[in-house]
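Coordinates in review
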Amino acid sequence: MKREDIHGAARFLFSCKPWLVLTGAGISTESGIPDFRTPQTGLWEHYDPMEILSRGVLLHRPEIFYGVGLQVLLSFEKAQPNRAHYILAEWEKRGWVEGVVTQNIDSLHHRAGSQRVMEIHGHLRSGYCLRCAKQFPMEELEKQVMQGQIPPRCPCGGVIRPEVVLFGDLLPPCFEEAVQLAHRYPLLVIGSSLQVSPANFLPSYAPSLVIVNLTETPFDHRASWVLRGKASTVLQLLHEELESL
Ligand code: NAD
């Protein structure tokens, strides 16, 4: 990545703020959470998420879902936001970011201070009963699983599941909000392979596109600027450049 690219992308972004931001697993790899597709470190190498994190397995093989799948997800809980998460929160405060649409379930945007976060794949902060919809803090699910109560149960007898979107689930209503915003604001994509639908519909709706990612994406040819590098490094350079404009 050349310095002129940072300069050009910053000038472009400055001219069309505020932006909608779409983040993927790549923004959190520097917080120690592996993504699904980077070779060697990607979670796909060790587990098949379509199996262990599916609605079918949750309902029919709960010992796999709660004993393996949920444990992988809960290992994300110790991670801390990195510089890229904090810069996005700062840009929102300045009015440069309209909102963050994230495919991540790690809550790191919230913890970095972002206010308008659309978690289109849910989160791990709570769970709910599949029978009566009662909400539970995540600690309640964890406690029951630790005590060998698999699947964890609500007092009504229903199964409690985490608020995360599983393969086979519908997306939450905030996806519709993200679609509306994507039609109105330039889109800044950070750390996403743009291979997962329907999150990867958003770049086609956006009036313009800037991509920050370590590797190629199917939308690179449509982007005004593609910045190939680590999210925290690229965002720090963009931040310095934007501040000087
Ligand atoms: P992905 O794994 O498909 O793609 C991640 C992309 O980020 C890759 O193209 C990779 O080259 C790039 N990348 C990795 N490290 C980077 C860095 N430091 N800076 C910039 N780019 C970097 O991820 P996705 O597009 O989000 O889709 C996968 C699905 O996996 C999503 O549905 C998401 O819910 C789920 N997921 C979430 C987490 C999380 O919550 N942190 C982690 C793994 C997977």
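**Side note on the sheet that holds strand E4 (residues 122-129)**
Within a sheet, neighbouring strands are paired by backbone hydrogen bonds and run either parallel or antiparallel to one another. Read from one edge to the other, the open sheet built from three strands follows the order E5-E4-E6, with strand pairing classed as antiparallel. The sheet terminates laterally at strand E5 (135-137) and strand E6 (160-164), the two strands that pair on one side only. Across the sheet, the mean angle from the axis of one strand to that of its neighbour is 40 degrees, orientation sign disregarded. For E4 and E6, the ladder comprises four bridges, and the chain directions are antiparallel. Note on E6: the bridge partner recorded for Tyr128 is Arg161. Helix-sheet contacts for helix H4 (residues 62-74) involve E4 and E6, and the interaxial angle to E6 is about 30 degrees. Sheet strands touched by helix H7 (residues 138-146): E4, E5 and E6. Its angle to E5, the strand with the most contacts, is close to 75 degrees.

**Focus on unusual backbone geometry**
Leaving glycine aside, a negative phi is the common case for residues, and trans is the common case for peptide bonds. Between Ile150 and the following residue, Pro151, the backbone shows a cis peptide bond with an omega angle of 0 degrees. Here Pro151 lies in the loop between H7 and E6. One non-glycine residue, Ala133, adopts positive backbone phi at about 70 degrees. Mapped onto the fold, Ala133 is located in the loop between E4 and E5.

Scoring rules and cut-offs
Residues numbered from 1 in each chain as written. Predicted model: local features only at pLDDT ≥ 70, side-chain atom pairs only at ≥ 80, totals over all residues. Heavy atoms only, no water. Pairing = 2+ DSSP bridges. Helix = DSSP H or I, 4+ residues; strand = E, 2+ residues; numbered from the N terminus. Axes fitted to C-alpha atoms, helices over the stretch in contact; angles between N-to-C directions. Contact = heavy atoms within 4.5 Å.

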